[in-house]
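Residues per chain are reported as follows:
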Amino acid sequence: DTGHFTYDPGYGSTASTKSAITYIDGDQGVLMYRGYPIEQLAEKSSFLEVAYLLLHGELPNQTQFASFENDITHHTMMHESHKNFFQGFHHDAHPMAMLAASVASLSAFYHDDLDVDNPEDRQLAAIRLLAKMPTISAACYRYSIGWPFRYPRNNLEYVNRFLHMMFEVPSEPLELSPVFAKALDLLFILHADHEQNASTSTVRLVGSTGANPYASIAAGITALWGPAHGGANEAVLKMLEEIGSPDKVETAVKRAKDKNDNFRLMGFGHRVYKNFDPRAKIIREMCHKVLAELGVNDPLLDVAMKLEEAALKDDYFVERKLYPNVDFYSGIIYKALGIPTEMFTVMFAIARTAGWIAHWIEQHETPGSRIGRPRQLYVGATNRDYVAMDKR
Ligand code: SDX
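Residues numbered from 1 in each chain as written. Predicted model: local features only at pLDDT ≥ 70, side-chain atom pairs only at ≥ 80, totals over all residues. Heavy atoms only, no water.

For the protein chain, the name recorded in an unreviewed UniProt entry is Citrate synthase, with Dyella choica as its organism. Taken directly from UniProt, the Catalytic activity (unreviewed entry) text for the protein chain runs: "oxaloacetate + acetyl-CoA + H2O = citrate + CoA + H(+)". (UniProt positions renumbered as here; feature names shortened; annotations may be inferred.)

Laid out in structure tokens, this is it:
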């Protein structure tokens, strides 16, 4: 009735959540943000414009975009005492552990005057999170390598500002090929949202209790960390390194089919896509372009291509509709861009913050929204009486 449509995803579960943000058709391999096909956004948009679209439901005009970008640019700094937070971690702490803890701690800096029922406060929280995720993420990396933090440069646009905070060293100006920012912006667009995936559902469930947005997003970060979800891109690289060379691929495929061997092909399969993940198609093309433009000849890409070829013609994978997913190629591109492996899922979290906070706000704006309370099928013991310990 509003020109929008509701639907039952129909993949084995009734839709328990109604949302107008992202539409996926797993059988057709369709992904749309607010009705715009991911292929068009990947080709024509930017991550910040997509973040605006996810949050507000419409693409911004120039005035709206300028104001949005200006707001974000002026919220990029961390509270100065937030830096002390990192001193409590060992240098080899995983960046995802530091990121989750740091984002949750934003509640301590900004929560006391935030009213989750006030639309303006919700929008300010969205601006703060989109603005600070790159700053905090870069700080996690810099701390892990013992380098000083870099302040965000407001004269740089979003992705370049992040790359500067990640890689700029005190002793020399940062020289980065424009390929970096373009590739990273595209990866951020492709990872920005994906309907009710595990981490977004976590953010909505935590947010449904009235918890503040920083705590809700921190919960999403911890859910994303798992190797079955966002941690898969890091696991893909480890898997490719374990396989080692194209001539070992057949053995890897055999192991992935062996039920007694818990070796899984990371980067393959999906809860929803039983066709090619449309993002993987886009990333696959970009992967070859980035490696060619950067002149990187990564032997792991040869292993990846051989693995994709072997899996796509193997009955086990074909019957189970296990195709390469978004994480299969993103890890290789991150590696080519010089992003360290343990930072791969942090990249995913920066991008997915746009989707997470859009869902968190949508839930608050949906009339009649109640606290989430998944039910269960009880399969435990039937009613019985207590027996004293000396009688057991
Ligand atoms: C993301 O939900 C989202 O939208 C997530 C995400 C997002 O943008 O938020 O798209 C991002 O998380 C992508 C997925 C990244 N994860 C991985 O690449 C990890 C490897 N993939 C698998 O762990 C698995 O495919 C899952 C977790 C992604 C899906 O798990 P399911 O739903 O249990 O898989 P399935 O039901 O489709 O499995 C069917 C069969 C099973 O075997 P049988 O019981 O039929 O004999 O396929 C097998 C599975 O054991 N199988 C695999 C496999 N994935 C599934 N066998 C070998 N290798 C694999 N990768």
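**Q** What should I look at first to understand the sheet that holds strand β1 (residues 22–25) in this one?
**A** Strand pairs in the sheet, formed through backbone hydrogen bonds, run parallel or antiparallel to each other. As summarised here, the arrangement of the three strands in space is β1-β2-β3, forming an open sheet in which the pairing is antiparallel. In the strand order of this sheet, the two ends are held by β1 and β3 (36–37), each with one partner. Bridge count between strand β2 (residues 30–33) and β3: two bridges; the pairing is antiparallel. The residue bridging Tyr33 from the neighbouring strand is Tyr36, located in β3. (Pairing = 2+ DSSP bridges. Helix = DSSP H or I, 4+ residues; strand = E, 2+ residues; numbered from the N terminus.)

**Q** Sorry if this is basic, but what is going on with the site of the ligand here?
**A** Neighbouring residues of the ligand: 25 residues in total, closest His194, Arg264, His270, Arg271 and Arg279. In this structure, a nitrogen atom belonging to the ligand sits 2.8 Å away from a main-chain N or O atom of Leu265. At 3.2 Å, a side-chain N or O of Arg320 approaches an oxygen atom of the ligand. When the free accessible area of the ligand is taken as 1,100 Å², the share hidden by the protein chains comes to 79%. Residue composition of the shell around the ligand, grouped by class: 10 nonpolar, seven polar and eight charged. (Near = heavy atom within 4 Å. Polar contact = N/O pair within 3.5 Å; in protein donor to acceptor, adjacent residues only side chain to side chain. Areas by Shrake-Rupley, 256 points an atom, 1.4 Å probe, with all protein chains shown as cover. Nonpolar A, V, L, I, M, F, W, Y, C, P; charged D, E, K, R; others polar.)

**Q** I would appreciate a short explanation of helix α8 (residues 178–190) in the present structure.
**A** For an α-helix the count is 3.6 residues per turn, leaving residues at separations of three or four pointing the same way. Between its first and last C-alpha, α8 extends 19 Å over 13 residues, near the 18 Å set by a 1.5 Å rise per residue. In terms of burial, α8 is largely enclosed, as 11 of its 13 residues are buried. Along α8, the positions that sit buried rather than exposed are Val179, Phe180, Ala181, Ala183, Leu184, Asp185, Leu186, Leu187, Phe188, Ile189 and Leu190. Backbone nitrogen of Val179 and a side-chain oxygen of the N-cap are separated by 2.9 Å at the start of α8; the cap is Ser177. (Expected span 1.5 Å × (residues − 1). Buried < 20%, exposed > 50% of the residue type's maximum accessible area, 1.4 Å probe, protein only.)

**Q** Hey, could you run me through the nonpolar core in this one?
**A** Soluble, globular proteins show a tendency: their nonpolar side chains are buried together. Judged by nonpolar contacts, the single largest core of 123 residues is most densely connected at Leu99, Val103, Leu184 and Leu307. Apart from residues no more than four positions distant in its own chain, Leu99 is found in contact with Met133, Ile136, Ser137, Cys140, Ile221, Val346 and Ala349. (Core = buried A, V, L, I, M, F, W, Y, C linked by side-chain atoms within 4.5 Å. Contact = heavy atoms within 4.5 Å.)

**Q** What am I meant to see in the environment of Phe109 here?
**A** With respect to the helices and strands, Phe109 occurs in helix α5 (residues 95–110). The exposure class assigned to Phe109 is partly exposed, which follows from its relative accessible area of 24%. A C-alpha to C-alpha distance of 30 Å links Phe109 and Ser19, two positions 90 residues apart in sequence. Apart from residues lying up to four places away in sequence, Phe109 is in contact with His79, Ser81 and His82.

**Q** I would appreciate a short explanation of helix α7 (residues 158–167) in the present structure.
**A** Extensive coverage of α7 is indicated by the burial of nine of its 10 residues. Within α7 the residues assigned to the buried category are Tyr158, Val159, Arg161, Phe162, Leu163, His164, Met165, Met166 and Phe167. Buried residues in α7 make contact with α2 (47–56), α3 (62–73), α6 (119–144), α8 and α17 (344–365).

**Q** Sorry if this is basic, but what is going on with unusual backbone geometry here?
**A** Residues other than glycine predominantly adopt negative phi, and peptide bonds predominantly adopt the trans conformation. Of note, Arg34 is a non-glycine position whose phi angle comes to about 50°, a positive value. Here the phi dihedral of Glu195 falls at roughly 65°; this positive angle occurs in a residue that is not glycine. On the secondary structure map, Glu195 appears in the loop between α8 and α9 (198–207).

**Q** Sorry, what's going on with the packing of aromatic side chains here?
**A** A ring pair, where both rings are aromatic, is described by two values, the distance of the centres and the angle of the planes. Scanning the entire structure with this criterion turns up 14 aromatic pairs. Aromatic side chains Tyr52 and Phe68 sit 5.3 Å apart centroid to centroid with 85° between the ring planes, which places their arrangement in the edge-to-face category. Of the two residues, Tyr52 sits in helix α2 while Phe68 sits in helix α3, which places them 16 residues apart along the sequence. The same class applies to Tyr52 and to Phe68, which are both buried. Measuring from ring centre to ring centre gives 6.4 Å for Phe162 and Phe188, while their planes differ by 50°; the resulting arrangement is tilted. In this pair, Phe162 is assigned in helix α7 and Phe188 in helix α8, connecting sequence segments 26 residues apart. The class of Phe162 is buried, set by a relative accessible area of 1%. Exposure remark for Phe188: the relative accessible area of 0% places this residue in the buried category. Through a chain of ring-to-ring contacts, three or more aromatic side chains come together here, namely Phe268, Tyr316, Phe317, Phe328 and Tyr329. (Phe/Tyr/Trp six-rings, centres within 6.5 Å; stacked < 30°, edge-to-face > 60°.)

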